[in-house]
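Each chain, written out:
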Amino acid sequence: MRLTVTTWNINSVRLRIDSVLRFLAETKPDILCLQETKCPDDAFPLKALRGSGYEHVEFAGQKGYNGVAILSRFPLLTRSVMGFCERQDARHISAVLGAAAGPAAGLVFHNFYVPAGGDVADRTLNPKFAHKLDFLAELRAWGGKRVAGPAILVGDLNVAPLEHDVWSHKQLLDVVSHTPIETETLETLRGEAEWVDTARLLTPEPEKIYTWWSYRSPDWAAANKGRRLDHAWVSPDLAGTVRKVEVARHVRGWERPSDHAPVTLTLEL
């Protein structure tokens, strides 16, 4: 069975609903995990998304910021959300594929939106950066206790962990998302829980991989000063099923785009 899973920070699902529907029509992933949906649950565009062929949708939202969702062609079971740092921010949602998914039945999906962390990489001067580090610390504690069995973790983790996940390692060492404390924490929590970084499994360094390009660049495509902030990890028992990881860079060039491109993982189960 071929299973495709896309992760995409959409930066407002209502503002970019046309882009979401276009992507679903053109790419047709089995699962789409969205982050930063930026809308409360009662405003989520459920009807439009179900009308595009994704009848099974789980979401957790907030007004104006955060928000995560899972869209699926297959029934979803046991929806759950986790809070971090004593907050109920909508930064995580998980679900399990039902029996209709065949060989993929029982597969657990975790969709995360890690705090961005602001602009100053100093927890004493920047509460947003402190929150990000605390969130990652709690994510590390959770990751080491995850239930054994096939699982996928995707999302905007807001960290570019490796040297070639950014356009310039030296110039970004003091920039939030690529500081040593962030990169080391993310790689440590991934390693301790034995999550497999699928993009780097198939495309090892030193090849560059980017999933995000700043709105601040007047010509993002020409400058190509990107970072790999969006990730797709699998549990060790799924590593041998990974066939492809694709960054839909062209979507960053659509009208009124998100600054993140969709990343699609393909498994052969």
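Because the structure is a prediction, the values reported are computed rather than measured. (Residues numbered from 1 in each chain as written. Predicted model: local features only at pLDDT ≥ 70, side-chain atom pairs only at ≥ 80, totals over all residues. Heavy atoms only, no water.)

## Observations regarding the side chain of Thr198
At step 1: By the secondary structure assignment, Thr198 is in helix α5 (residues 198-202).
At step 2: Thr198 sits in the buried class, given a relative accessible area of 0%.
At step 3: Apart from the residues within four sequence positions on either side, Thr198 is in contact with Ala232, Trp233, Val234, Val242, Val245 and Leu265. (Helix = DSSP H or I, 4+ residues; strand = E, 2+ residues; numbered from the N terminus. Buried < 20%, exposed > 50% of the residue type's maximum accessible area, 1.4 Å probe, protein only. Contact = heavy atoms within 4.5 Å.)

## Points about the nonpolar core
At step 1: By size, the foremost hydrophobic cluster in this structure holds 27 residues, and its most contacted members are Leu3, Ile70, Leu97, Phe109 and Ile152.
At step 2: Counting only elements with at least two residues in this core, the list comes to β1 (2-9), β2 (31-35), β4 (68-72), β6 (92-97), β7 (108-113), β8 (151-156), β12 (230-234) and β14 (263-268).
At step 3: Tallying contributions element by element places β6 first for this core, with 3 residues.
At step 4: Residues contacting Leu3, with those up to four places away along its chain left out, are Asp30, Phe74, Ala104, Leu107, Phe109, Leu265, Thr266, Leu267 and Leu269.
At step 5: By size, the runner-up hydrophobic cluster in this structure holds 20 residues, among which are Ile10, Phe44, Tyr54 and Phe59. (Core = buried A, V, L, I, M, F, W, Y, C linked by side-chain atoms within 4.5 Å.)

## Here we look at the sheet that holds β1
At step 1: Reading across the sheet, the 6 strands line up as β3-β4-β2-β1-β14-β13 and stay open at both edges, with mixed pairing between neighbours. Lying at the two open borders of the sheet, with one neighbouring strand each, are β3 (56-60) and β13 (242-247). When the angles between neighbouring strand axes are averaged without regard to direction, this sheet yields 10°.
At step 2: As paired elements, β1 and β2 share 5 bridges and run parallel to each other. Looking at β2, one finds that Trp8 is bridged to Leu34.
At step 3: Lying on the sheet, helix α1 (residues 17-27) is in contact with β1, β2, β4 and β14; it crosses β1 at an angle near 160°. (Pairing = 2+ DSSP bridges. Axes fitted to C-alpha atoms, helices over the stretch in contact; angles between N-to-C directions.)

## Focus: the pairing of β4
At step 1: Counting buried positions over the 5 residues of β4 gives 5, a clear majority of the element.
At step 2: Of the two faces of β4, the one carrying Val68, Ile70 and Ser72 and the one carrying Ala69 and Leu71 are both buried.
At step 3: Both β2 and β4 contribute to a ladder of 5 bridges, which runs antiparallel. Within β4, the residue paired with Leu32 across the bridge is Leu71.
At step 4: Across 5 bridges, β3 lies against β4 in antiparallel orientation. Bridging from a neighbouring strand, His56 pairs with Ser72 of β4.

Spatial relationships are all this shows, so hold off on functional conclusions.
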